[in-house]
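Listed here are the chains, written in short residue letters.
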Amino acid sequence: MSGAFRKPLRQTLSDIVLLILALAILLANAAQAAPDYFANNYPSLRELLKDAAGADAVGLSSIKGSKFIYPALYLIGETDELLNSTQITRSFFAIVRFDNGLPYVEDFVYIRPGEISSFATKMSGDPYVTGYADAGGSSPYHAYVFESETESFQDLGAFSDIGFSYGTAVNVDGSVVAGSASLAVDGEGAGLDILHGFRWTESSGMVDLGSLAGPTGTSRAFDINGDGAVIVGESKIPSGEIHAFRWTEQSGLEDLGAVGTGRSVATAVTYSGDVIVGGSGNAVRWTEATGMIDLGAPDGATNSIATGVSNSGAIVVGNYDNVRLDINTDGIAEFSGTTRPFRWTDDGLGGHGMMDLQELLQLQGVDFTGFTLISADGVSEDGQFIFGSMLSNDAENFEPLPYVVQLCDDFVDLCFDGTANSWPSLFSGVIPDPSWGLALNNIGTLYAMDGLIYSCLKVMSNGLPSSLNGIPSYDIGFEIVSYEQGTIGVAKARPFNETLALNGNGEPPDCSGSIDLITNIYADLIQVGSEVFDVRFELFDGENLRLRLLTLEPLTPSP
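Residues numbered from 1 in each chain as written. Predicted model: local features only at pLDDT ≥ 70, side-chain atom pairs only at ≥ 80, totals over all residues. Heavy atoms only, no water.

(A) Just the layout of surface pockets, in detail. The calculated volume of the second largest pocket comes to roughly 350 Å³. Along the walls of the second largest pocket sit 17 residues, with Leu457, Leu468, Val490, Ile515 and Leu545 positioned nearest its centre. Among the elements that line the lining of the second largest pocket, the one with the most residues is strand β30 (residues 473-482), at three residues. Per-class residue counts for the lining of the second largest pocket are 14 nonpolar, two polar and one charged. (1 Å grid on protein atoms, 1.4 Å probe; cavity = no way out; pocket = protein on both sides within 12 Å on 5 of 7 lines; lining within 4 Å. Points joined across faces, edges and corners; volume = space filled by probe spheres on them. Helix = DSSP H or I, 4+ residues; strand = E, 2+ residues; numbered from the N terminus. Nonpolar A, V, L, I, M, F, W, Y, C, P; charged D, E, K, R; others polar.)

Here it is in C-alpha cells:
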C-alpha cells in the first residue's frame, strides 16, 4: 500500500521494494468502478449511500462538524449470481469512504473461490474476513479466513470429516479466528446437532473450547479481542440455562453469569479483552471489577441487546424493540413496530445512558426525513463511527439499506475532521504483532486512510537524549514526496502522547523512532501492510523538512 520506502533508482531495487511500489500504485488508483454484475443487478448499496448523503440522512453533520475526508469503513453482505445456469451466492465487502462529506463505495471485494458459495460474517479492522463457505451438494460448509489484499482464501476445516463449521470473528492480523462447529461424535453423524465454540490458528488448527455444561453441552463463540487471546460467546451451563462466557487459554471458559436467573449472551469485546457487552433481558456490560451490569432500555422498549463496544469500553451500541400500541379504525388494539438502534454512554461519567441513536442524532441537527434507522450492527474501535441498517421511504419493498454515521462527543477521544491537523489516534504508531518478537510495544505505520506515515521521534544529539523546543519526543506524520527518489516530508507534528493515553494492551506506548540533530539521521521501524521494515532516512532539506531514504531492511518474524 505504499511506495514510501522505494530506494533511489540508481540503486538496485529488491523484490520487496518493487512489491511496495506496486501496492502504492494500487493505493493511488484505489477508486475503481464496481464490477458489472453488481452495478447492473444490485445498485442499491452504492446508490443509496450517495442518495442518502444528498438528503443529509446519514449523519453528515456531526457534533463537531466533521468533513469525512479519509476514514474508511467496511460493509459486508451477500448477493446472487448465475454461473453456468447455477445460482451461486457469494459474499462481498464494500470499502466505504467519505469525500467532502459524502459517503461513497470505493470498491467491492468478492469472497468466492471458484464457484463456492460464501457468506461473510465479520471483518477485523484490517483486511481479514471470516464466515463460512459451501462447496455445494452434500459437502458440509466450513469456516474460512479471507485476506483481501492478496485475495487468499483458507478453509479452516471442522472437528470431523462430516461436521460443519462457521467463523464469526477474526482478530486484527487474521492469525486467530473464532466460531462454532458441530461435534459429530461418531461416524454415523451423532452429535452433529451439538455445537461447540472453537479457536483456530495456523499452528493449532481448530481447537474445541468446550462447554460449561460438559462435553454434551452446547457453546457458540461470537467475538474475539485484538490479539486473539480472549473469546466471548454463550454456553449451556449445568442447570440447562444459557450464559455468556469469556474464554482465555489460562482460564478456559468462564461463566459471566446473568441478570437475575435468565439467559445471557456475550456478543462483543474490546481490543484489550477487558470489557464485554451483550444481552441478558436487556443490554449488558461486563468487566472484572463490576461483573454484569444491566444497561436498561429506552422508555417503552421491551428489551435491548448490545452489538458493539468501542475500544475504551465507554461507548456501547445495539438494538432494542420499539413496540407501539395502536388502536385501529375498528377500535381494536394492535401492536406494531420494529427494532431501533441505541447508543449508550456511562451517565456516571457524564454520559447520556441509553438513547435512541436516531433521536440522539436529531438533537444534533441531523435531518432524517424519509429515513428510519432500524439497527446498529457495530461501532468503530475509536467509537466515532456507527454502522447498521435503515429503511428509506423510496426503497423498493422497504429493503434494509446500510448507513454510516459519525457521532462525536466527550466519549470519543479524537474525531476526524478532514483537516490537515487531524490525527488518526491519540498517539502515532501501532502495536506490532507478537510474531515479530520486538522489544517495542509501538512502532510506526503507513496509515492507508490518508496515505501518511505516522510514527514518533525521540530527539537525540550524538546518540544521547536531547530535546527540541523543550520537547523530548514528537508524534510525526510524514507525507510521501517522491516514490521515485524515496523522499518524504514532515506533514504534521505535535508532542508525543501528550495526553498520556495507553495502547490497546493498556500500556504506555513506546516511541520507536529517533532523529539525531547532529547526524540528521532518522531511524525507525515501520509497518506497511503485514510487513515490518527497519528504515534509515537522512534529513537533506532542513527548510522544507525533507528526508531521503538511505536503507530499508525487511524484518523476519521470530520462529
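(B) Spatial organisation of the packing of aromatic side chains. Summed over the entire model, instances satisfying the criterion amount to six aromatic pairs. Here a set of aromatic residues connected by ring pairs shows up, and it is made of Tyr132, Tyr141, Phe164 and Tyr166. The residue whose ring lies beneath arginine 548 is phenylalanine 540, and the NZ or CZ to ring-centre distance is 3.9 Å. (Phe/Tyr/Trp six-rings, centres within 6.5 Å; stacked < 30°, edge-to-face > 60°. Lys NZ or Arg CZ within 6 Å of the ring centre and 35° of its normal.)

(C) Structural view of the side chain of aspartate 475. Position of aspartate 475 among the secondary structure elements: in strand β30. The class of aspartate 475 is buried, set by a relative accessible area of 0%. In terms of polar contacts, aspartate 475 uses its side chain to reach the backbone amide nitrogen of serine 428, at 3.0 Å. Not counting residues within four places of it along the chain, the set of residues in contact with aspartate 475 comprises Trp423, Leu426, Phe427, Ser428, Ser455, Cys456, Lys492, Ala493, Arg494, Pro495, Phe496 and Asn497. (Buried < 20%, exposed > 50% of the residue type's maximum accessible area, 1.4 Å probe, protein only. Polar contact = N/O pair within 3.5 Å; in protein donor to acceptor, adjacent residues only side chain to side chain. Contact = heavy atoms within 4.5 Å.)

(D) Layout of empty space enclosed by the protein. The full count for this structure, using the stated rule, is one cavity of 30 Å³ or more. Its volume calculated, the largest cavity comes out at about 40 Å³. Lining of the largest cavity is provided by Leu256, Val265, Ala266, Ile276, Val277, Gly278, Val284, Arg285, Trp286 and Met292. Of all the elements in the fold, those that place two or more residues in the lining of the largest cavity are β16 (265-269), β17 (276-280) and β18 (282-287). Residue composition of the lining of the largest cavity, grouped by class: eight nonpolar, one polar and one charged.

(E) Just the sheet that holds strand β19 (residues 291-296), in detail. If you walk across this open sheet you meet the four strands as β16-β17-β18-β19, and the pairing is antiparallel. Edge positions in the sheet fall to β16 and β19, since each of these pairs with one other strand and no more. Within this sheet the neighbouring strands show an average axis-to-axis angle of 30°, counted without direction. (Pairing = 2+ DSSP bridges. Axes fitted to C-alpha atoms, helices over the stretch in contact; angles between N-to-C directions.)

(F) Representation of the nonpolar core in the model. Formed by 19 residues in total, the largest nonpolar core has its most connected members in Val317, Leu357, Leu361, Leu373, Ile386, Tyr403 and Val405. Going through the elements one at a time, β21 (315-327), α4 (357-363), β24 (371-379), β25 (385-392) and β26 (401-406) are the ones with two or more residues in this core. Examining the composition of this core, we find that four residues originate from one element, β24, more than from any other. If you look at the next biggest cluster of nonpolar residues, it comprises 16 residues, including Ile453, Ile515, Tyr522 and Phe533. (Core = buried A, V, L, I, M, F, W, Y, C linked by side-chain atoms within 4.5 Å.)

(G) Inspection of the confidence of the model for the chain at higher detail. Summing up the model confidence of the chain, the mean pLDDT is 75 and the portion of residues at 70 or higher is 69%. Here residues 1-72 is a poorly scored stretch, pLDDT under 50, and it has 172 contacts once near neighbours within four places are set aside; other chains count. (pLDDT = per-residue confidence, 0-100.)

(H) Summary view of the sheet that holds strand β14 (residues 242-248). Read across the sheet, four strands follow the order β12-β13-β14-β15 without closing on themselves; strand pairing throughout is antiparallel. Looking along the sheet, the strands with just one partner apiece sit at the ends: β12 (219-224) and β15 (252-255). On average, each strand axis in the sheet is inclined to that of its neighbour by 30°, with strand direction left out of account. Pairing of β14 with β15, which is carried by four bridges, proceeds in the antiparallel orientation. Paired with threonine 248 across the two strands is glycine 252, which belongs to β15.

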